[in-house]
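Residue-level listing of the chains:
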Amino acid sequence: MTADTTLAPTPGPWTVYNNRVCVWVYAPDGKPVCKVDDAVRIEARANATIIAAAPDLLAALRALTDWGREFTSPTDANSPHALLVAACAAIARAEGITP
């Protein structure tokens, strides 16, 4: 996938619902975003919770990288520029963009 074909995820916020068989993540319109099997395991609920937070996490990371582009520098040893690079890579991965 290239930069000009960015994926468009279902808008958030997403919510988690445990039906005792599996854990579902739902969009605001009530449509399912995904299903995490094995609701008995605590990890299933934890995984669904992280998935449900994805739209908010992506928005926050985008805002942080916008700020970082203005206030970090790759030439300043005291600047957290490497963190900005890692954050941009995470955003690209979430958008389905590969280098």
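Everything below is about the structure shown above.
Report follows, based on the coordinates. Keep in mind that what you see is a predicted model, and the values were worked out from it rather than measured. (Residues numbered from 1 in each chain as written. Predicted model: local features only at pLDDT ≥ 70, side-chain atom pairs only at ≥ 80, totals over all residues. Heavy atoms only, no water.)

This paragraph deals with the overall build of the chain. Of the regular secondary structure elements, the chain holds 2 helices and 3 strands. Looking at the chain as a whole, 22% of its 99 residues are labelled buried. Expressed as a percentage of contacts within the chain between residues at least 6 apart in sequence, the contacts between residues at least 24 apart total 32%. Carbon together with sulfur atoms contributes 62% to the accessible area of the chain, which is approximately 7000 Å² in total. (Helix = DSSP H or I, 4+ residues; strand = E, 2+ residues; numbered from the N terminus. Buried < 20%, exposed > 50% of the residue type's maximum accessible area, 1.4 Å probe, protein only. Contact = heavy atoms within 4.5 Å. Areas by Shrake-Rupley, 256 points an atom, 1.4 Å probe, with all protein chains shown as cover.)

Turning our attention to the sheet that holds strand β1 (residues 15-18). One open sheet holds the 3 strands; their spatial order is β1-β2-β3, and the pairing between them is antiparallel. The strands lining the two open edges of the sheet, one partner per strand, are β1 and β3 (32-37). Neighbouring strand axes in the sheet, compared pairwise and without regard to direction, differ in orientation by 20° on average. Where β1 meets strand β2 (residues 22-26), 4 bridges bridge the pair, whose relative direction is antiparallel. Bridging from a neighbouring strand, Asn-18 pairs with Val-23 of β2. (Pairing = 2+ DSSP bridges. Axes fitted to C-alpha atoms, helices over the stretch in contact; angles between N-to-C directions.)

The next thing to look at is helix α2 (residues 81-94). Between the first and last C-alpha of α2 there are 20 Å, a value that for 14 residues agrees with the 20 Å anticipated at 1.5 Å per step. Along α2, the residues classified as buried are Leu-84, Ala-87, Ile-91 and Ala-92. End-on, the buried residues of α2 take up no more than an arc of 140°, which puts them together on one face. Of the exposed residues in α2, those oriented more than 90 degrees away from the buried face are Ala-82, Leu-83 and Arg-93. On its buried face, α2 sits against α1 (42-71). One or two steps after α2, the chain reaches Gly-96, where phi turns positive at roughly 80°. (Expected span 1.5 Å × (residues − 1). Arc of directions from axis to C-beta.)

Enumeration according to the criterion identifies 2 aromatic pairs in this entry. Relative to Tyr-26, the ring of Trp-24 has its centre 6.1 Å away and its plane inclined at 25°; by these criteria the two rings are stacked. Using a relative accessible area of 24% as the deciding quantity, one classes Tyr-26 as partly exposed. (Phe/Tyr/Trp six-rings, centres within 6.5 Å; stacked < 30°, edge-to-face > 60°.)

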